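# Commentary on secondary and tertiary structure
The chain contents come next:
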Amino acid sequence: MNIKKFAAVAALGMMLVPFAVVTAGVSAQDAARLGADLTPLGGEKAGNAAGTIPAWDGGLSSPAKAGFPNFASPGRAPDPYASDKPSFKINAANMAQYADHLTEGDKALLKQYKDTFFMNVYPTHRSAASPQRIYDATKRNATSAQLAAGGNGVVGAVEGIPFPQPKSGVEAFWNHVLRYRADAAAREIGQAAVSPSGSYNMVKFHDEFYVAYSQPNAKEADLDNVILYFIEETVAPARLAGDILLVHETLDQSKENRRAWIYNAGQRRVRRAPDVAFDNPGTAADGLRTSDQFDMYNGSPERYDWKLVGKKEIYVPYNSYRLHQAKVKPDDVIRPLHINQDLTRYELHRVWVVDSVLKPGQRHIYKRRTLYIDEDSWQIVAVDCYDARDQLWRVQEGHGINYFNVPTYWTTMEVTYDLQSRRYLALGFEDHADRSYDFGIKRNLGDYTAAALRTRRSEEHTSELQSHSFISYAVFCLKK
């Protein structure tokens, strides 16, 4: 075997070995590739040999570059690729022709729902972009970032991607967890659990994110080991309304697991919620999603052995602006067995394939999960979830867009398909025609304490009483 071939085989072997030791950052020489032959976040800047994946040219880094110079948050991002037509359609009849570029999950969906499920494949646009400061921080992190004990956290990194040239599967996982989404954001969002017949119940949330890790000039020492502060308030239906989940997501989980609290509207009290993690049920998800499937995959990687399988060209959900438009209502999206595939968009992209297998002695409803992570954004775009019998059980698709006024590439809708029950869960329905994520909210750490939950609910309860009193007085006056 010649030297080059031996080196390639050795490198692949290292990728396939489960993570066992703490790894250090790359050399200064390797870090210098970022922004040169690699994108600033570590993807391959060049296109592929076939010309079906173009070179990355900076992505949609501003509203002007997207063709909408006057667009601003919290409006719905318009579709910069609205004039594109599908290049071809993949269905059950021709899927063998494209099998090398399909996830196992999409193969299963094409087979199981052969009469209705298809994939419209569009020209590939590498639209993902981040602010320049994130690129600068990523280059700094590349030489300093390390995995914490057991791979259960990250040290020596802040603001940018920690491992733009990953050496292990768990490093790629942390890149997704620590990818840039925004400094802060709020949204009104709907989640529908859909029966095989297409009937559904809609649950509505008010979500807020404050990403401490990504704040401008963030310092690791000032984080109090917290990456992100998250509040999820259930708004509807009435039987669930008023419950609030508060999460402090930790950076080095070998030191401390995530902190979580729940405000129960019926009891009017706040309690710690250590069970909001791993395979405990997701909020109001009708058993179709685990806690760690929110945002495609979140939390601690500690229960799994991780393998970096390598990079592949895969047809994945991408630039899903049609699903994001104000004119698209829940009844336009929801169909029996799966969402309306006429509204979806798939493109050929290079993705990191990461396999996670449950460690001996650990518990989780998923024995194995295969992640497909976009090389340009580190957003997980698909996940295949296997049960204890090694049977493919659930399939996740992350339909994302570039919110080019930030800019950040993030999901606009997450769908989890249960192949066994033939049900699915869709998260991403937005009520307001003129609103999506509000990236302009102003928050501070005091807004994300357990005490703040009590204050928040007390203020809302007072407001409700005042509103009720006003209505009662108005009715009294009308009767008089």
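Once a new chain begins, its residue numbering starts again from 1 and follows that chain's sequence as written. Reporting in this predicted model follows two pLDDT cut-offs: at least 70 for local features of residues, and 80 or more for side-chain atom pairs to be given and counted; totals over whole chains, interfaces and linings ignore these cut-offs and use all residues. Hydrogens and water molecules were not included; the side-chain quantities draw on all heavy atoms of the structure.

### Considering the confidence of the model for the chain
Taken residue by residue, the chain gives an average pLDDT of 90. The fraction at 70 or more is 90%. On a scale of 0 to 100, pLDDT captures the predictor's confidence in every residue. In what follows, residue pairs with any heavy atoms lying within 4.5 Å of each other are defined as contacts. Residue range residues 1–21 is modelled with pLDDT below 50. Its contacts to residues more than four positions away, or to other chains, number 21 contacts.

### What to know about unusual backbone geometry
For the bond from Ala236 to Pro237, the omega torsion is 5 degrees, close enough to zero to count as cis. In this description a helix means any DSSP run of H or I spanning at least four residues, a strand means any run of E spanning at least two, and both kinds are numbered starting from the N terminus. Topologically, Pro237 is positioned in the loop between β7 (226–236) and β8 (244–250). Note that the residue after Val406, namely Pro407, is joined by a cis bond; omega there is -5 degrees. If you trace the backbone, Pro407 turns up in the loop between β15 (392–403) and β16 (408–418). Here the phi dihedral of Met296 falls at roughly 75 degrees; this positive angle occurs in a residue that is not glycine.

### Topic: the side chain of Asp438
For Asp438, the location among the structural elements is in the loop between β17 (423–429) and α9 (450–479). Three labels apply to residues, based on accessible area from a 1.4 Å probe with only protein chains included: buried if under 20% of the type maximum, exposed if over 50%, partly exposed otherwise in between. For Asp438, a relative accessible area of 18% puts it in the buried group. Here a polar contact means two N or O atoms within 3.5 Å. Within protein one must be a hydrogen donor candidate and the other an acceptor candidate, and residues neighboring in sequence count only if both atoms are side-chain atoms. Side-chain polar atoms of Asp438 contact the backbone nitrogen of Gly440, separated by 2.9 Å. Not counting chain neighbours up to four residues away, the residues in contact with Asp438 comprise Ser73, Pro74, Ala184, Ala185 and Ala186.

### Observations regarding the environment of Ile334
As for its placement among the helices and strands, Ile334 is situated in the loop between α8 (330–333) and β12 (346–358). Here Ile334 falls in the buried class, since its relative accessible area comes to 7%. Separated by 92 residues in the primary sequence, Ile334 and Ala426 place their C-alpha atoms 8.4 Å from one another. Once residues lying within four places of it in the same chain are set aside, the contact partners of Ile334 are Ala192, Val194, Gly198, Tyr200, Tyr424 and Phe429.

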